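Each chain is listed here by its residues.
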Amino acid sequence: MDALDKLQFLGQATQYEPAEETTVAGTVLAPKAARDLSGCIFEAATPHGRVPLLKTLLTSACERDCFYCPFRAGRDFRRATLKPDELAQTFDAMHRAGLVKGLFLSSGIAGGGLRTQDRLLAVAELLRGKYGFRGYLHLKIMPGAERAQVERAMQLADRVSVNLEAPNGERLARLAPHKVFMEELMRPLRWVEEISRRHTSRPA
Ligand code: SF4
C-alpha cells in the first residue's frame, strides 16, 4: 500500500471520530483526485472559515480494548499505519493541489500513549517546519500524554482535544477497561486548560 492507499483506508476508518464537519455524516466533499479520497475529506467549520479538512488516523492499529471502538485490539480488522513523514508529505502534496486546507489528526495507540503522541507531534512539526503549513491543524491528545507534549501540541495546533468517553472512572472502566480516567484523560485535559489560561492571561 502506498500513502494514498493508506489514506483511503484510514479515511473510511476515521468516520467514527467526530471532527469539525459541517456536512451530515456520510456526505463528504468529492475532490478531483487521481484516487477517490472523498472518504477522508470533509467540509469543516474552523477559525479559518469553512475549509476542506483531511481527517485521518496515523494508525488504525491499537493496543487498547475499549469495547465501543472498531479499532480495539484483538478485532479481526485490516489495519493501516502511516509514518509521520509519509503523512506530512502526502498532506503537503494534497494542500498544494488545492484538495485540502486543514488536517484533523488522531490515532490508535501503538507503543503507549507517549510514543503515539510523539508521532502525532512529529507530523505537526514537519508540517509547520519543513512544509511551512500555516493552515488549520487539529491534534488529538492521546491518553497518558505528558504535559510537555500537551504544551507542544498547543503551540503547533489550532485546536487540541481529548476524547472523554465517560463522565467518571467507574463508567469508563465498564467501557474501556485499560483507560485510566484521572491520570490519562482528566489530567491532560486540565493541562490544556491551565496552559491556555496562562497564555490568555499574559499581558499584551
Ligand atoms: S484507545 Fe482509542 S483507538 Fe484504541 S481501542 Fe480505545 S478508543 Fe479505540
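Residues numbered from 1 in each chain as written. Predicted model: local features only at pLDDT ≥ 70, side-chain atom pairs only at ≥ 80, totals over all residues. Heavy atoms only, no water.

## Some points on helix 4 (residues 147-156)
So, point 1. For helix 4, the set of buried residues is Gln149, Val150, Ala153 and Leu156. Taken end-on, helix 4 shows its buried residues confined to a sector of 130°, consistent with a single buried face.
So, point 2. The elements touched by buried residues of helix 4 are helix 3 (113-128), strand 4 (136-140), strand 5 (159-161) and helix 6 (181-200). (Buried < 20%, exposed > 50% of the residue type's maximum accessible area, 1.4 Å probe, protein only. Helix = DSSP H or I, 4+ residues; strand = E, 2+ residues; numbered from the N terminus. Arc of directions from axis to C-beta. Contact = heavy atoms within 4.5 Å.)

## Some remarks on the site of the ligand
So, point 1. What surrounds the ligand is the set Cys62, Arg64, Cys66, Tyr68, Cys69, Arg72, Gly108, Ile109 and Lys179.
So, point 2. Across the shell around the ligand, the residue classes break down as 5 nonpolar, 1 polar and 3 charged. (Near = heavy atom within 4 Å. Nonpolar A, V, L, I, M, F, W, Y, C, P; charged D, E, K, R; others polar.)

## Some thoughts on the packing of aromatic side chains
Aromatic rings in a pair are described by how distant their centres are and how their planes are angled relative to each other.
So, point 1. Overall, the coordinates contain 2 aromatic pairs when judged by the stated rule.
So, point 2. Seen in terms of ring centroids, Phe71 and Phe77 are 5.8 Å apart; in terms of plane orientation they differ by 65°. Their pairing is edge-to-face.
So, point 3. A residue is classified by how much of its surface remains accessible, and Phe71, at 10% relative accessible area, is buried.
So, point 4. Given a relative accessible area of 26%, Phe77 falls into the partly exposed group.
So, point 5. Judged by centre distance (4.9 Å) and plane angle (75°), the rings of Phe91 and Phe133 are edge-to-face. (Phe/Tyr/Trp six-rings, centres within 6.5 Å; stacked < 30°, edge-to-face > 60°.)

## Thoughts on the sheet that holds strand 4
So, point 1. Overall, mixed pairing links the 5 strands, which are arranged 1-2-3-4-5 in an open sheet. Edge positions in the sheet fall to strand 1 (41-46) and strand 5, since each of these pairs with one other strand and no more. On average, each strand axis in the sheet is tilted by 25° relative to the strand beside it, whichever way the strands run.
So, point 2. Taken together, the 3 bridges between strand 4 and strand 5 define a ladder with parallel strand orientation. Residue pairing for strand 5: Lys140 is matched across the bridge by Ser161. (Pairing = 2+ DSSP bridges. Axes fitted to C-alpha atoms, helices over the stretch in contact; angles between N-to-C directions.)

This is a description of form; function is not addressed.
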